[in-house]
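Observations on the three-dimensional arrangement
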Amino acid sequence: MKDIICLTGSDEDLETAASLLKEGEVVGLPTETVYGLAADATNREAVARIFEAKGRPADNPLIIHVSDLKMMEEYADDIPRCAYRLADAFWPGPLTMILPKKNNISDIVTGGLDTVAVRMPSHDIMRKVISMVGRPLAAPSANLSGSPSPTTAKHVTDDMNGRIAAVVDGGECSVGVESTVISFEGYDSVRILRPGLVTAEELSRYVDEVIVDENILSDVVPEVKEVRSPGMKYKHYSPEAHVVLVRYSLEQFIKYVSAQPDDSLCCLIYDQDAENFPFEYMTYGSTPVEQAQQIFSKLREADKRGIKNLYVRSPEKDGVGLAVYNRLIRAAGYEVVE
Ligand code: AMP
Ligand code: MG
């Protein structure tokens, strides 16, 4: 395939992106969470190209991105009342809802499930392009399957050059981790299947009950047969470097790393840990929101720097920290030290 075309956010370039999508091509697009690998969700061949470009397993379904509620209603059925309440509170934004699907959404999008994942993103470019195409865009993260998600157009080009038609550069993603994914259970009750910037606490202001799926809270590899969301069972977000997640105070963290025999090691720590830190290090912000923004680019940077062993100071396991923890524990292949 030809070299990837790099487009800007100008109206003319967005027209080009929309035309490519209408022709069934795959285009990398910025969203507020991470860059997406977008295709017309109603075009089977186009959607198949997403799976091929990423090397994504066919049973891991895609999220469809809509520009308004009417578009959601065209493809989802029996939408619960509380879904509208949540849409009103969090859309456009980083919340994905799993809803019963209509027949016009193909099995290839949903991995054969009878539900479809829907999100209305807030990034201007993404919403404009969806409106221009006039159809929902299926878009997983624009990385090779298994590797850290892309938060800049450069990350997309690094992974996807020669694999997709074009990428639109919309700058760095503001959220930095993928959307919160929820399903609906019974009356006024939701289950978080993937943590993101929208937290359980925030959701609970709008619904009676919020369940955090046990696979998110657990520190062991999920049982394949027990997952409610296919994405839970796959290896994810892994850089080349060997990642170890360390849940300790700063003092204990330094002690633990001192005892490691590795010659090529680097630590990923909080900004406030950096003063007099005794090993090679990178920092990833000082708050959970900043950690979310930076985590994937720091994992990619570790590989650029040829780091073999990366010891990461674990974020807290609550609020937005839970989203960062969830990505890191997978990047570390569940290697956590407590
Ligand atoms: P990605 O698009 O790479 O950010 O991943 C989308 C996530 O949503 C994956 O973890 C999928 O398994 C999950 N997902 C998508 N559609 C469904 C669905 N119908 N039911 C459950 N999980 C879903
Ligand atoms: Mg992904």
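Shown above is the structure to which this text applies.
A brief report on the enclosed structure follows.

Cut-off values and rules
Residues numbered from 1 in each chain as written. Chains lettered and ligands numbered in written order. Predicted model: local features only at pLDDT ≥ 70, side-chain atom pairs only at ≥ 80, totals over all residues. Heavy atoms only, no water. Near = heavy atom within 4 Å. Polar contact = N/O pair within 3.5 Å; in protein donor to acceptor, adjacent residues only side chain to side chain. Areas by Shrake-Rupley, 256 points an atom, 1.4 Å probe, with all protein chains shown as cover. Helix = DSSP H or I, 4+ residues; strand = E, 2+ residues; numbered from the N terminus. Expected span 1.5 Å × (residues − 1). Buried < 20%, exposed > 50% of the residue type's maximum accessible area, 1.4 Å probe, protein only. Arc of directions from axis to C-beta. Contact = heavy atoms within 4.5 Å. Salt bridge = Lys/Arg side-chain N within 4 Å of Asp/Glu carboxyl O. 1 Å grid on protein atoms, 1.4 Å probe; cavity = no way out; pocket = protein on both sides within 12 Å on 5 of 7 lines; lining within 4 Å. Points joined across faces, edges and corners; volume = space filled by probe spheres on them. Nonpolar A, V, L, I, M, F, W, Y, C, P; charged D, E, K, R; others polar. Disulfide = S-S within 2.5 Å. Pairing = 2+ DSSP bridges. Axes fitted to C-alpha atoms, helices over the stretch in contact; angles between N-to-C directions. Parallel < 35°, antiparallel > 145°, perpendicular 65-115°, else oblique. Left-handed = near helix turned anticlockwise from the far one by under 90°.

**Some words on the site of ligand 1**
- Taken together, 17 residues form the shell around ligand 1, and within it Arg56, Asn60, Arg194, Ser229 and Gly231 come nearest.
- Between an oxygen atom of ligand 1 and a side-chain N or O atom of Arg56, the distance comes to 2.9 Å.
- In the environment of ligand 1, an oxygen atom lies 2.7 Å from a nitrogen or oxygen atom belonging to the backbone of Gly231.
- Isolated, ligand 1 exposes 500 Å² of accessible area, and the fraction of that covered by the protein chains is 93%.

**So, helix α1 (residues 11-22)**
- Over its 12 residues, α1 runs 16 Å from end to end, which matches the ideal 16 Å to within 8%, given 1.5 Å per residue.
- Restricting attention to buried positions, one finds in α1 the residues Asp13, Leu14, Ala17, Ala18, Leu20 and Leu21. The arc enclosing the buried residues of α1, seen along the axis, measures out at 160 degrees, which places them on a common side. α1 presents Asp11 and Glu12 as exposed residues on the side facing more than 90 degrees away from its buried surface.
- In this fold, the buried residues of α1 make contact with β1 (5-7), β2 (27-29), β3 (36-40), α6 (124-133), β7 (137-138) and β8 (166-168).

**Quick notes on the pattern of salt bridges**
- This structure, assessed with the given rule, holds 17 salt bridges.
- Taking the shortest distance from any N to any O, the salt bridge between Arg191 and Glu185 comes out at 2.5 Å.
- Residue Arg191 is classed as buried on the basis of its relative accessible area, which comes to 7%.
- What you see here is one network of salt bridges that share partners, running through Glu185, Arg191, Asp213, Glu214 and Arg228.

**Quick look at the layout of surface pockets**
- The space that makes up the second largest pocket amounts to roughly 280 Å³.
- If you go around the second largest pocket, you meet 15 residues; those closest to its centre are Asp158, Arg300, Glu301, Asp303 and Lys304.
- Breaking the lining of the second largest pocket down by element, the ones donating at least two residues are α7 (153-160) and α11 (288-304).
- For the lining of the second largest pocket, the element with the highest residue contribution is α11, accounting for six residues.
- Class assignment of the residues belonging to the lining of the second largest pocket gives a composition of two nonpolar, four polar and nine charged.

**Side note on unusual backbone geometry**
- Cis peptide bonds are those with omega within 30 degrees of zero, and the linkage from Trp91 to Pro92 qualifies with -10 degrees.
- Considering the arrangement of structural elements, one finds Pro92 in the loop between α4 (81-90) and β5 (95-100).
- We note that Asp188 has phi near 60 degrees; this positive angle belongs to a residue other than glycine.
- The residue Asp188 is located in the loop between β9 (180-184) and β10 (189-194) in this model.
- The class for Asp188 is buried, based on a relative accessible area of 11%.

**Notes on the environment of Tyr187**
- Relative to the elements of secondary structure, Tyr187 occurs in the loop between β9 and β10.
- On a C-alpha basis, the gap between Tyr187 and Cys82 in space is 8.6 Å, while along the polypeptide they are 105 residues apart.

**Thoughts on the state of the cysteines**
- For the structure on display, the rule yields zero disulfides.
- Here Cys267 stays free of any disulfide, with the sulfur of Cys266 as its closest cysteine sulfur at 6.4 Å.
- By relative accessible area, which is 0% here, Cys267 ends up buried.

**Some thoughts on the pairing of β9**
- Most of β9 sits inside the fold, with five of its five residues counted as buried.
- Judged by which residues are buried, β9 turns out to be covered on both faces: Thr180, Ile182 and Phe184 on one side and Val181 and Ser183 on the other are all buried.
- Across four bridges, β5 lies against β9 in parallel orientation. Each bridged residue has a counterpart across the sheet, and for Thr96 the counterpart in β9 is Val181.
- By the bridge criterion, four bridges tie β9 to β10 in an arrangement that is antiparallel. Bridge pairing links Val181 to Arg194 in β10.
- Where β9 folds back onto β10 in an antiparallel hairpin, the turn is made up of four residues, including Gly186, whose phi is positive at roughly 60 degrees.

**With respect to the packing of α11 against helix α12 (residues 321-331)**
- Here α11 crosses α12 at 20 degrees, and the two axes come no closer than 8 Å. In terms of orientation, α11 and α12 fall into the roughly parallel class. Considering how the two elements wind past one another, α11 and α12 form a crossing that is left-handed. Here Pro288, Gln291, Ala292, Ile295, Phe296 and Leu299 of α11 come into contact with α12, specifically with Gly321, Val324, Arg327, Leu328 and Ala331.

**Some thoughts on the pairing of β3**
- Across the five residues of β3, five count as buried, placing the element largely inside the fold.
- Here three bridges tie β2 to β3, and the two strands are oriented antiparallel to one another. Within β3, the position partnered with Gly28 by the bridge is Leu37.
- Hairpin remark: β2 followed by β3, antiparallel, with six residues in the connecting loop.

These results come straight from atomic positions and should not be treated as a statement about function.
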